[in-house]
Amino acid sequence: MMMTWSCFRPSVPWLLSLRLLGTAATKQHDALSMALAFEDPSVFRVKSLGELLRALGIFCFCSFSVLVNNSGKLMSITRTLLGRRGFSFLLRPTVYAQFVAGEDESEISKSMKKMSSLGLRPMLAVPIEEDLGESTGEKRYDDNMEAMLECVRMSHTNAWSRDPMMQLKITALLSPELCVKLTKLIAPKTYDLDLLVRAMDGEQINFPGLDEKEAAHFLCSLQRLNKIAEASVNKVRVLVDAEYTYMNPALSLVTMAMMKKFNQDGAWIWNTYQCYLKESRSLLLDTLHLSNREGFCLGVKLVRGAYMDKERKLAEKEGREDPVHKSWEETNDSYNGLLNVMLDVISKSPQRYRIIVATHNEESVRRAAKRMEELGIDKDGGSVCFGQLLGMCDHVSVTLAKEGYIVYKSVPYGSVDDTLPYLVRRAQENRTVLQGIRKERDLLRQELCRRIRLRLRGGT
């Protein structure tokens, strides 16, 4: 019996090696957690005194929900009182300078060079979108296409970063009313992707369920999207934004058709998945299955989502089930679960799958970094990157970049008049994020106090 046990008893050196491996792994994870604690105010040392004060003032303003909720009305009143020129004079050095890169290419370049010096990459966003009742006609949609093509050109020709990205809202090129109708039409049976690809190539297609005028507009819109994709493929990655549930299926259909045509050799067209929606997991899994079946590469922008209040009110008004998760914790579980799904497939096929972890949530960022380490996914391999909004969450963005991760900032640009509606919508949609920036505000205060102490001591 003693002999039998000794045959199977683990040797002391083997047990010691296992213990040492476990200790090393624990130390490695502890080191990662310390590196990504996001508690270092020195990340703000690159900011001028004016930039520090501006950020502190705006973040203090944003901490009051009544001000954020009524920001559109407040700005409208201010504009009426001050006039267009006075209003622009007030906003340009404050809210505009905090969240917008500039109006023309020279201003944008200046902002982007500073961003690049911090190891951050720009993801340009043309601040154009429409909702129901805002459709403006083919001429406006053609103008919007030209603006998108200019965005592709700027992203590609300027040496701001490797592997440039840009954001695209399909409702800037295709009427929201038609998106809603398409969503209803494809609910029982979706269109064949090949039908849309042929339409992109200029073939005159009869779309089931659409009248002549609607079909003509859809055809023009698909060809506009085709021009943007042709201009960007092998140059700039185009991240298509998700919007409201009453039009998202149509947006995804069009995006999948673009993926089928342009993502054969790499993920150049990406889709967005909103994890606050109950259906987000099934949507992503269905897309993974579709990409395997159709043979295209998949790029995923993973977000929690920004339209929660409107989605809930609309569902209540229409007497249907709330499409949004019941709690913040359920949304977090959804986000982290889908993040794991994508990281797992990326670890097996990093050339065919990509993700941008688009979040300001520090815990999700740490989870992603830890899982990347466990799966052996390279920080700078390109298949996984992180994203935050310009003017916010710099303590997370800069720290990630310092640790060698790829980090993009969503960068809107344009005139005050062009960007104001966009900024108001983003503020109202992201007000929970804006109200939760206490940590960033505290770190900014610490850096400001450090400078004041230095000045009082006669330092620099």
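In the block above lies the structure referred to throughout.
Presented here is an overview of the structure given in this document. These figures come from a predicted structure and were not determined experimentally.

1. Details of the nonpolar core
- Y191, F207 and F218 are the most contacted members of the largest nonpolar core, which has 128 residues in total.
- The element contributing the most residues to this core is helix 11 (residues 248-262), with nine residues.
- Setting aside chain neighbours within four positions, we find F207 in contact with Y191, L195, A199, A215, F218, L219 and L222.
- In this structure, A267, C297, I356 and C385 belong to the second largest nonpolar core, which totals ten residues.

2. As for unusual backbone geometry
- At F38, a residue that is not glycine, the phi angle is positive and equals roughly 55°.
- The residue F38 is located in the loop between helix 2 (12-35) and helix 3 (49-62) in this model.
- Residue classification places F38 among the buried positions, given a relative accessible area of 2%.
- Unlike most non-glycine residues, N234 shows phi in positive territory, near 65°.
- By secondary structure assignment, the location of N234 is in the loop between helix 10 (212-232) and strand 3 (237-240).

3. Some remarks on the packing of helix 12 (residues 280-294) against helix 14 (residues 328-348)
- Between helix 12 and helix 14, the shortest axis-to-axis distance is 10 Å and the interhelical angle comes to 15°. In terms of their interaxial angle, helix 12 and helix 14 are classed as roughly parallel. The chirality of how helix 12 crosses helix 14 is right-handed. On helix 14, the residues that touch S280, R281, L284, L285 and L288 of helix 12 are S334, G337, L338, V341, M342 and V345.
- Here the contact of helix 12 with helix 14 is built from residues that sort into seven nonpolar, three polar and one charged.

4. Looking at the side chain of R121
- Topologically, R121 is positioned in strand 1 (residues 121-125).
- No salt bridge is formed by the buried R121; the nearest opposite charge belongs to D163, separated by 4.7 Å.
- Engagement of the side chain of R121 in a polar contact is seen with the side chain of Y408, the distance being 3.4 Å.
- Those residues in contact with R121 that lie beyond four places of it in its chain are M115, S161, R162, D163, I406, V407, Y408 and K409.

Calculation rules
Residues numbered from 1 in each chain as written. Predicted model: local features only at pLDDT ≥ 70, side-chain atom pairs only at ≥ 80, totals over all residues. Heavy atoms only, no water. Core = buried A, V, L, I, M, F, W, Y, C linked by side-chain atoms within 4.5 Å. Buried < 20%, exposed > 50% of the residue type's maximum accessible area, 1.4 Å probe, protein only. Helix = DSSP H or I, 4+ residues; strand = E, 2+ residues; numbered from the N terminus. Contact = heavy atoms within 4.5 Å. Axes fitted to C-alpha atoms, helices over the stretch in contact; angles between N-to-C directions. Parallel < 35°, antiparallel > 145°, perpendicular 65-115°, else oblique. Left-handed = near helix turned anticlockwise from the far one by under 90°. Nonpolar A, V, L, I, M, F, W, Y, C, P; charged D, E, K, R; others polar. Lys, Arg positive; Asp, Glu negative; His and termini not counted. Salt bridge = Lys/Arg side-chain N within 4 Å of Asp/Glu carboxyl O. Polar contact = N/O pair within 3.5 Å; in protein donor to acceptor, adjacent residues only side chain to side chain.

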